[in-house]
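Overview (structure and organization)
The primary structure of each chain is shown beneath.
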Amino acid sequence: MEEPRIGVYVCWCGTNISKMVDVEAVTKEVSTLPYVVLSKNYKYMCSDPGQDLIIKDIKLHNLNRVVVAACSPRIHELTFRNACEKAGINPYLFEMANIREQDSWVHTDRNEATKKAIDLVIAAIRRVRFHEPLQKRSVNVDPATLIIGGGISGMTAALEIANAGKQVYLVERADHLGGQVARFDLTFPHLSSARQMLLPMIRKVENHPMIRVYLKTELQEVKGYIGNFRARLQFMGTDQPEITFGNIIAAVGLKPFDPSVIEEYSYGKFPDVITSLEFEDKLRAGRILTKYGKEPRNLAIIHCVGSRNKKYHEYCSRVCCMVALKFVHEIRAALPDANIFEIYADMRAYGKGHEEFYAMTTHKQIIFLMYDQQKRLPVIREAHRDDDCNMLIEMSELLSGIDIEVPVDMVILMVNMEAHDNVRDVVRTIGVSLCGNQFFIEKHPKLDPVATTTGGVYIVGTCQGPKDIPDSVSQAKAAAARILGTIAQGSVPVEVTTAMVNESLCCGCQTCISVCPYTAVSFDEIKKVSVVNEVLCKGCGTCGGCCPAGAITCKHFTDRQILSEIEGIMSMSY
Amino acid sequence: MSQETIKPKLKLAVYWGAACGGCCVSVLDTHEKLLDIVAAADPVFWPIAMDVKYKDVENMPDKSIDLTLFNGAVRNSENKHMAELLRQKSKILVAYGSCAYMGGIPGLANFFSKDEIFKRAYEETESTVNAEHVIPLPLVTVKEGSLEIPVMFNDVFPLNQIVDVDYYIPGCPPQSERLIEVFTAVVTGTGLPPAGSVVGANDKTNCDECKRKKSDNKKVKRFYRPWEIQDDKETCFIEQGVICMGPATRGGCGVRCVDGNSPCRGCYGPPSGASDPGAKMMAAIGTMIDANNPGEIDEIIETIVDPAGLFYRFSLPGSILGRKVL
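Here helix H10 (residues 277-288) of chain B spans 17 Å end to end across 12 residues, near enough to the 16 Å set by a 1.5 Å rise per residue. Here H10 of chain B lies mainly inside the structure; 10 of its 12 residues are buried. The complete set of buried residues in H10 of chain B reads Pro 277, Gly 278, Ala 279, Lys 280, Met 281, Met 282, Ala 283, Ala 284, Ile 285 and Met 288 of chain B. Packed against the buried residues of H10 of chain B are helix H13 (511-515) and helix H14 (542-546) of chain A together with helix H12 (307-311) of chain B.

Below, the structure is given as structure tokens:
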């Protein structure tokens with residue numbers, strides 16, 4: 001290794017850092033450390049003059065390592081790496097010490113904060129000495145896209161991509177397109193027909209020259225990596241020719257919760273206790289009738305069935321409150337004299353036009369009854385022979401504090417949306433992660449909500465979490481835009497800081513294989529060593545951390561680099 | 001007379017620090033090859049086999065011993081003095097065996113302080129009656145004269161924390177065959193790697209040679225001690241829930257323990273890429289715990305008996321951890 005020549009730059013960040021850290025003292029303290037050729041400070045290192053300072057010094061003083069002590073590397077690591085590159089040194093020969101978010105902003109004692117800044121800078125200096133140059137890499141992108149799920153999200157994404165002239169393979173397990181929306185009668189809050197919205201869309205998808213629809217088809221296996229996937233499909237149990245594509249959209253949706261596990265509601269026991277989806281079927285058929293063909297005189301709609309309850313699902317399904325209100329409108333139109341009871345736990349009307357929709361519904365002569373989801377669920381039981389209703393709902397009405405009985409002929413259970421039973425298979429096939437509620441995890445909950453940590457794999461619609469149609473459609477269009485972006489580029493950069501197996505040390509214990517969240521590690525049966533696919537690898541470091549033989553090195557996070565950093569941070573004794 | 005016998009014989013020393021004697025025996029365990037060793041080398045200092053006094057060593061010229069095999073850890077002032085003396089007198093100083101290499105079994109004392117050890121040993125053990133709280137002192141003067149014994153240190157050190165070491169031969173004890181290989185290399189002066197290397201051991205860890213069936217299906221619902229399971233004699237121990245240090249331990253022993261249906265205990269120490277075998281093995285074992293909720297994970301971890309002693313059995317003083325913080 002060439003002799004390290006390190007330049008250290010301490011940023012004031014205006015007064016953001018300099019107010020709480022004695023920048024001059026830090027600069028001076030680290031200037032005499034081994035291999036430090038120069039140490040300077042400047043008001044704004046990220047500014048053009050700040051970057052120019054680094055670039056000039058690299059050329060003038062022949063620096064081959066750079067440390068900048070400033071803000072979080074999340075903000076400006078790339079800025080300074082680019083500056084290094086401009087000056088002709090490899091961008092990975094740079095290290096950043098965070099003396100703002102992790103120091104000046106969180107401390108109130110200037111003396112202590114200065115000491116901490118010195119420790120952090122020394123750690124970076126010790127580390128950067130062992131940095132190695134790394135080369136950027138990219139892969140070409142196959143312009144076709146695989147979309148899993150033919151619901152409204154999957155179809156929207158398919159049309160968006162196909163309309164841009166790119167091939168789409170749309171795989172649907174059922175024998176028709178449309179997903180859950182195909183079961184809806186009207187939509188909220190505008191009470192427009194779901195069918196009128198959906199049918200033209202299905203026609204467009206089916207007839208689009210750039211969309212190939214696979215119905216009754218299951219995904220068997222996906223191999224490859226961003227830009228270069230291939231898949232095996234199975235149509236009704238028979239294998240289909242392999243398809244290749246560059247990106248994947250998972251739009252597998254959710255399914256309705258089965259309420260038969262909730263004893264209080266006797267679903268499955270009483271024929272006129274039905275789920276919201278079963279009620280949609282009645283609405284689409286145009287007749288609201290009980291099992292025995294009578295028009296119900298009393299209808300109750302119970303909210304939060306399987307939702308917001310630790311016994312079933314802790315989360316809120318987001319759409320059921322509005323669907324329940326939509327039912328009121330549809331029932332009132334069909335049965336003007338019926339008694340309608342909205343038995344709710346909380347009324348959630350967060351979306352555009354939703355609160356107004358709620359206000360409008362309250363004028364429909366219905367009775368709102370509140371129950372305490374945490375304390376006691378309402379109980380449905382059979383009515384007496386001489387009661388003039390089929391069933392009674394016993395409940396503690398929360399607002400009045402009174403225990404009441406509600407007469408009903410039909411009960412609609414607003415069931416939660418939950419993951420499909422086979423979600424884990426899908427997850428394993430395409431390499432995404434699940435949260436505790438079995439929803440697919442997005443790359444960043446705020447700033448990257450449709451991407452996943454696996455390159456080239458996107459998630460849209462309710463499989464990412466319960467949501468309504470407009471949100472699903474927005475996500476589908478967002479993912480389509482992301483994919484069209486990579487297709488337009490033709491290639492995508494792949495992770496540089498990947499893991500590497502030293503074959504002369506790997507003993508073949510295979511500890512690393514199952515820990516990889518990206519299925520990037522496999523076992524070479526001939527050489528009897530583990531192999532990392534560098535395109536799949538995201539550099540998370542899990543395999544390197546767990547390799548008992550020390551055979552796996554994570555580039556840019558080698559043991560040597562990390563231990564030197566720790567030694568640096570521990571080296572000052574005040 | 002052949003050429004070899006005219007060539008001056010090498011001078012060989014074998015010494016023990018904090019050791020059990022097993023390493024010295026492993027030299028004798030070369031059986032008839034010992035005759036080849038003494039044909040090529042004269043033992044000049046080897047307390048287990050011959051009577052040589054400290055002063056005899058002190059009187060030897062510097063660098064006059066060609067090869068010293070120092071076994072045992074450095075635990076007291078006598079060990080340290082001898083380590084320094086032998087370094088001064090030897091051309092090649094080898095840390096021989098797990099204790100000299102990384103601290104070994106005596107190194108587990110670094111999980112305690114000297115005071116705690118003295119209290120346990122001289123006051124608390126079930127067989128001790130010591131109402132006057134007598135503990136060993138380095139210097140005791142009685143009317144007949146004064147008695148001096150070495151000072152016990154608070155820490156156990158591997159040899160390289162006291163003096164520069166040329167080579168390391170790991171093992172508890174090292175396999176005699178491997179000693180012969182190294183010895184032959186010294187005698188012929190060929191095939192020795194750069195100073196500071198581990199010799200008489202492999203680059204890869206034990207799994208490489210282990211004949212048991214291994215897969216990536218390492219999921220453990222509870223850990224067992226070897227006697228708690230019916231070993232099927234063919235599946236990887238870890239996959240049966242028995243912690244085997246094999247993946248984190250240099251090969252070289254010939255996987256004898258596993259061949260004898262006992263999990264590897266880790267005496268050959270870590271491979272070159274892993275500076276802290278205990279931490280490496282704990283990280284690996286951590287990934288195998290087949291549970292997602294913290295309570296269940298804790299329950300599974302509870303089934304690992306004496307984790308510190310298990311994972312650092314031979315390596316505590318030489319690892320990054322070093323010792324328990326006092």
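We are not done yet, so read on.
Residue and element names in this part refer to chain A. A sheet is described by the order of its strands in space; here 5 strands give the open sequence E17-E24-E18-E19-E20, paired in parallel fashion. Bordering the open sheet on either side are strand E17 (273-275) and strand E20 (367-370), each of which pairs with just one other strand. On average, each strand axis in the sheet is inclined to that of its neighbour by 25°, with strand direction left out of account. Pairing of strand E19 (residues 339-344) with E20, which is carried by 4 bridges, proceeds in the parallel orientation. Paired with Ile 343 across the two strands is Leu 369, which belongs to E20. Each of strand E18 (298-305), E19 and strand E24 (410-415) is contacted by helix H9 (residues 320-334), which is oriented at about 170° to E18, the strand it contacts most.

Across the boundary between the two partners, chain B contributes 22 residues, which contact 19 residues of chain A. Tallied by class, residues from the side of chain B that touches chain A come to 9 nonpolar, 6 polar and 7 charged.

It is worth spelling out the environment of Pro 47 of chain B at this point. Residue and element names in this part refer to chain B. Take Pro 47: it is sitting in the loop between strand E2 (41-45) and helix H4 (54-58). Pro 47 gets classed as partly exposed once you count the C-beta atoms within 10 Å, which come to 16. Remark: the alpha-carbon pair of Pro 47 and Cys 24, spanning 23 residues in sequence, is separated by 9.1 Å. When neighbours within four sequence positions are excluded, Pro 47 is seen to be in contact with Tyr 15 and Trp 16.

Another point: the environment of Leu 93 of chain A. Residue and element names in this part refer to chain A. Locating Leu 93 in the fold gives a position in the loop between helix H3 (73-86) and strand E4 (94-98). On the neighbour-count criterion, Leu 93 (22 C-beta atoms within 10 Å) is buried. For the pair Leu 93 and Arg 183, spaced 90 residues apart in the sequence, the C-alpha separation amounts to 58 Å. Not counting chain neighbours up to four residues away, the residues in contact with Leu 93 comprise Asn 64, Arg 65, Val 66, Cys 84, His 131 and Pro 133.

The pairing of strand E29 (residues 521-524) of chain A with strand E30 (residues 529-532) of chain A spans 4 bridges and is antiparallel. In the sheet register, Ser 522 of chain A faces E30 of chain A, and the bridge partner there is Val 531 of chain A.

Now for the packing of H9 of chain A against helix H10 (residues 354-361) of chain A. Residues and elements named next belong to chain A. H10 packs onto H9 with a crossing angle of 40° between their chain directions and a minimal axis gap of 10 Å. In the crossing of H9 with H10, the sense of the turn from one axis to the other is left-handed. From H9, Met 322, Leu 325, Val 328 and His 329 reach across to H10, where they touch His 354, Phe 357, Tyr 358 and Thr 361. Here the residues of the contact of H9 with H10 are counted per class, giving 5 nonpolar, 3 polar and no charged.

Turning our attention to the packing of helix H1 (residues 23-30) of chain A against helix H5 (residues 110-128) of chain A. Residues and elements named next belong to chain A. Look at H1 against H5: their axes get within 9 Å of each other, and the N-to-C directions meet at 40°. With respect to each other, H1 and H5 are oriented oblique. For the crossing formed where H1 meets H5, the hand is right-handed. Residues Ala 25, Val 26, Glu 29 and Val 30 of H1 pack against Thr 114, Ala 117, Ile 118, Val 121, Ile 122 and Ile 125 of H5.

Many analyses report the size of an interface as the accessible area lost when the parts associate. Residue and element names in this part refer to chain B. For chain B, the assigned domains read domain 1 (3-105 + 156-198), domain 2 (112-153) and domain 3 (206-311). Summarising the inter-unit geometry, the C-alpha centres of domain 1 and domain 2 are found 31 Å apart. On the side of domain 2, 4 residues touch domain 1, which itself brings 4 residues to the contact. Mapped onto the side of domain 1 that touches domain 2, the elements with two or more residues apiece are strand E4 (74-76) and helix H5 (77-89). Tallied by class, residues from the side of domain 1 that touches domain 2 come to no nonpolar, 2 polar and 2 charged.

Basis of the calculations
- Residues numbered from 1 in each chain as written.
- Chains lettered and ligands numbered in written order.
- Predicted model: local features only at pLDDT ≥ 70, side-chain atom pairs only at ≥ 80, totals over all residues.
- Helix = DSSP H or I, 4+ residues; strand = E, 2+ residues; numbered from the N terminus.
- Expected span 1.5 Å × (residues − 1).
- Buried ≥ 20, exposed ≤ 12 C-beta atoms within 10 Å, placed from the backbone.
- Contact = placed C-beta atoms within 7 Å.
- Pairing = 2+ DSSP bridges.
- Axes fitted to C-alpha atoms, helices over the stretch in contact; angles between N-to-C directions.
- Nonpolar A, V, L, I, M, F, W, Y, C, P; charged D, E, K, R; others polar.
- Left-handed = near helix turned anticlockwise from the far one by under 90°.
- Parallel < 35°, antiparallel > 145°, perpendicular 65-115°, else oblique.
- Domains from an automatic or database assignment.

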